[in-house]
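Examination of the molecular architecture
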Amino acid sequence: MGADKLCIKRRQFLTCGAAAISLLSIIGGRPTEAFGQALPTKPLDPAMPLAQALGYAHDATKVDTTKYPKRQGPEGAKQFCSNCALYTQGGIKLAGQEGEWGKCSLFTDGLVNAKGWCNSWVLKPA
Ligand code: SF4
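Below is a summary of the structure that appears in this document. Being a predicted model, the structure only gives us computed values, none of them experimental. Numbering of residues starts from 1 in every chain and runs along the sequence as written. Given that this is a predicted model, residues contribute local features only at a pLDDT of at least 70 and side-chain atom pairs are listed and counted only at 80 or more, while totals for whole chains, interfaces and linings are drawn from all residues. As a rule here, side-chain values cover all heavy atoms of the structure and leave hydrogens and water aside.

What about the nonpolar core?
Definition of nonpolar core: a set of buried residues of the types Ala, Val, Leu, Ile, Met, Phe, Trp, Tyr and Cys, connected through side-chain atoms within 4.5 Å. Between buried and exposed lies partly exposed: a residue is buried under 20% and exposed over 50% of the maximum accessible area for its type, with that area taken using a 1.4 Å probe on protein chains only. By size, the foremost hydrophobic cluster in this structure holds 18 residues, and its most contacted members are L44, Y56, Y87, F107, V112 and W117. Between two residues, a contact is recorded if the distance between any of their heavy atoms is within 4.5 Å. When neighbours within four sequence positions are excluded, W117 is seen to be in contact with L54, G55, Y56, A57, A60, V63, Y68, K70, R71, Q79, F80 and C81.

Things to note about the pattern of salt bridges
For this analysis, a salt bridge means a side-chain nitrogen from Lys or Arg found within 4 Å of a carboxyl oxygen belonging to Asp or Glu. Applying the stated rule across the entire model yields two salt bridges. The salt bridge partner of K62 is D59, with a shortest N-O separation of 3.5 Å. The exposed category is assigned to K62, whose relative accessible area is 66%. According to the relative accessible area criterion, D59 is partly exposed, its value standing at 29%. Here E75 ties to K78 by a salt bridge, and the two come within 3.0 Å at their closest N and O atoms.

If you want it as structure tokens, here you go:
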């Protein structure tokens, strides 16, 4: 591929990227909302298959640490959704529910509790 063709492709990429950013700013929403993925407005159902498979609990202190040894010991006891790298939009209050809720990148059907936990927990970078 010649340098001139590479330049054109690079220019097209930058133009498309800029157009996408402009469109999002016109819409005025976050990217996930712009593409029809509004934030859930209810708690995640811990009985749903993926939540169950990952041992999700709204209250991390109730996790069966025999079944999920990752949450054992003093280090495990520090693991909560609120300090997980996949917890993206915390600080949400839900009507009729106690505590703080937020979005988890793994679940689209409900919000997770800030004090919750699942076996996919990974430390949020500082
Ligand atoms: S991946 Fe992280 S934020 Fe999502 S449910 Fe598991 S511990 Fe909570």
